[in-house]
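Now for the letters of each chain:
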Amino acid sequence: MRPKGAEGDVSSQSLTRLTSALSGARMPAHPDAIEDWVVEWLAYHWQRPPRAIDARRSLVEQGLDSLGAVALAHDLTRWLGLSLDVASLWRQRTIERLARWLASTAEELGAGPPPGDEDAAAPDGVVPASREQSRLWHLARGFPGRALHHVHFRLRFDGPLDVEALRRGLREVVRRHEALRTLFVEREGRLVQVVSPSLRPEMPLVDLSPRGGGGDGRGLASETFQRLDASLARAPFDPRREPLIRATLVRLGALTHVLLVTQHRLVTDATSLGVFMRELASLYRVFRAGIPLPLAAPECQPADVARRQRAWLGSEAAARQREYWRQRLTGSRPRVWSSRPRDVDPPPEGDTVCFELPAPLVAAARAVGSRVDATLFVTLSAVFAALLRRHSGQVDLVLGAEVANRESREAREVVGPLSNLVALRCDVSGNPSFHALLSRHLSTTLEALAHQRLPFDEVADLVAGEWGESRLQAACLFERAAPLDLTIPGLACELLTDTPDGSLPGTARFDLALLLREEPAGVRAALEYSTARFHREEVERLADAFLALLGALASTPDAGVDG
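Residues numbered from 1 in each chain as written. Predicted model: local features only at pLDDT ≥ 70, side-chain atom pairs only at ≥ 80, totals over all residues. Heavy atoms only, no water.

Asker: Can you walk me through the packing of helix 13 (residues 316–329) against helix 17 (residues 456–467) in this structure?
Answerer: Two numbers describe how helix 13 lies on helix 17: the axes approach to 9 Å, and their chain directions differ by 30°. By the angle between their axes, helix 13 is roughly parallel relative to helix 17. For the element pair helix 13 and helix 17, the recorded crossing hand is right-handed. Mapping the contact onto sequence places Arg322, Trp325, Arg326 and Leu329 in helix 13 and Glu458, Val459, Leu462, Val463 and Trp467 in helix 17. Across the contact of helix 13 with helix 17, the residue classes break down as six nonpolar, no polar and three charged. (Axes fitted to C-alpha atoms, helices over the stretch in contact; angles between N-to-C directions. Helix = DSSP H or I, 4+ residues; strand = E, 2+ residues; numbered from the N terminus. Parallel < 35°, antiparallel > 145°, perpendicular 65-115°, else oblique. Left-handed = near helix turned anticlockwise from the far one by under 90°. Contact = heavy atoms within 4.5 Å. Nonpolar A, V, L, I, M, F, W, Y, C, P; charged D, E, K, R; others polar.)

If you want it as structure tokens, here you go:
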């Protein structure tokens, strides 16, 4: 067992060696060996030295989130030969307790699936689209030419930028990841993916600097830049004829550049954007320094994931998840309170009310949540559920939440739309204390995470007869800002988006959604709403009420959520 406070960072090689030793022995293993493995695993995935991880301190307090917990449970399942779910892992609280529990209950947990049991190739060589891609495809066809599923962000560079190194880095990212070179066509009634083998994005340079004569000297605030930015973000994609990524570099001054990037959700999700930006930063450094490429080839591509998903959907595990969701959502109602008359199929026009959760308020919320081992997402989504109860009187609410759906190690660095919606059935009855509501909501979230693989369109089909439709109307979408480290002397990089998740203002994917993005200075938030359902003034009041309620519940968590 490693002495507490041991020095040194962890490498992928040391993690592989430790993994091989444990998986070769299978369970039962000694608690010290398991504890060492979990510390190494967390150090590698958190990019911290092992000495910074305390085996006796709550994992949530140290930063374990739902994505990390799902991935850790999956790797323990496959490498130690156990059948372990995320809820069981979460209940152990610390690494020390987890290691002792795993070693002592191995026989009760039973055997997990062997590696590679879900790999299935398409017999006819056709690569089918994933269920999520098919869902987005049909939604987009209902509103042609709209930017409903566009993701748009800007990377601002201040300092001497090597434009050619950036262009080469972008081309290499696109070469590495098939999703960014994929077209979509329908064949015999089904959607399939066609990967272009040699796409090279151009990344044109537009000079809006005063010296270039194309700008008015006001940078990002200039009317010229704003028009260009909006036109690139909203220009429609044709998934049948063109790749679903475009990028333009804008020069605003000799030492100021902005890279405008637009992608379609058919080929990306929140985790993919993090992979995209990390690799772009790394490859920029490589090409600028003129050194060999350091990145290993991706182990997995979206087509591999789609094939495995199709095979898994016919398994007993998928049947068990269908039965869970059928029972869990029976009797639920997904509708949210709104003051405007309900249309059967509202248009996607929407708006956003943006606001900030300051760092002290976030710290207070995190501290309250950690007392019951609730992550920041669980805490903030529980407050959102309490807010909806206050304003609608509903005590049985269904919130959509987006999960990364990347439990397997091979899928964690894939660029592609692997994320999935899960339905959180929130019980806010009986005026519970905030602590009690958090405990309920944590259990609900952990159960949903344990059943997250079933595509949401299948879940919705199971209860569409009761719901009267197949869509969620309220959601709480949370993501952490991916660190973008260029570490080039004299060059700084900043990520800029109009909304926390990069969606475009003027569209609405739900009737009402709370968008949250955790950043070092606090949490960026926005309420995205359908203008067919809500007036802006109502949503502005809801944003103010959310901040007030979060502050009140964080300061007096033993009081009832109704006040």
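Having seen it, we continue.
Asker: Help me understand the sheet that holds strand 5 (residues 245–253), please; the structure alone is not making it clear to me.
Answerer: Within a sheet, neighbouring strands are paired by backbone hydrogen bonds and run either parallel or antiparallel to one another. In space, the five strands of this open sheet follow the order 4-5-6-1-11, with mixed pairing throughout. The sheet is open, and its two edges are formed by strand 4 (205–207) and strand 11 (492–496), each paired on a single side. For this sheet, the mean inter-axis angle between neighbouring strands, taken without regard to orientation, is 20°. Judged from the five bridges that link them, strand 1 (residues 150–158) and strand 11 form a sheet pairing that is antiparallel. Each residue of the ladder has a partner; that of Asp158, found in strand 11, is Ala492. Its contacts with the sheet place helix 9 (residues 163–176) against strand 1, strand 5 and strand 6 (256–264), and it is angled at close to 165° to strand 5. (Pairing = 2+ DSSP bridges.)

Asker: What exactly am I supposed to notice about helix 2 (residues 31–46) here?
Answerer: Each α-helix turn comprises 3.6 residues. Residues three or four places apart therefore point the same way. Under the 1.5 Å per step criterion, the end-to-end length of helix 2 is 22 Å for 16 residues, consistent within 8% with the ideal 22 Å. Of all the residues in helix 2, the buried ones are Ile34, Glu35, Asp36, Trp37, Val38, Val39, Glu40, Trp41, Leu42, Ala43 and Trp46. At the C-terminal side of helix 2, Gln47 shows a positive phi close to 55°. (Expected span 1.5 Å × (residues − 1). Buried < 20%, exposed > 50% of the residue type's maximum accessible area, 1.4 Å probe, protein only.)

Asker: Honestly, the packing of aromatic side chains in this entry has me stumped. Any pointers?
Answerer: Ring pairs (aromatic) are described by centroid distance and by the angle formed between their planes. With the rule as written, the count across this model stands at four aromatic pairs. Its end group placed over the ring of Phe237, Arg246 keeps NZ or CZ at 4.0 Å from the ring centre. (Phe/Tyr/Trp six-rings, centres within 6.5 Å; stacked < 30°, edge-to-face > 60°. Lys NZ or Arg CZ within 6 Å of the ring centre and 35° of its normal.)

Asker: When you look at empty space enclosed by the protein in this model, what are you seeing that I'm missing?
Answerer: Any empty space left between the atoms is revealed when a probe the size of a water molecule rolls over them. Within this structure, the stated rule accounts for four cavities of 30 Å³ or more. Approximately 50 Å³ is the volume found for the largest cavity. As for the largest cavity, its lining consists of Leu59, Val60, Leu64, Leu89, Trp90, Arg93 and Asp373. Contributions of two or more residues to the lining of the largest cavity are made by helix 3 (59–62) and helix 5 (86–91). Looking at the lining of the largest cavity residue by residue, the classes come out as five nonpolar, no polar and two charged. (1 Å grid on protein atoms, 1.4 Å probe; cavity = no way out; pocket = protein on both sides within 12 Å on 5 of 7 lines; lining within 4 Å. Points joined across faces, edges and corners; volume = space filled by probe spheres on them.)

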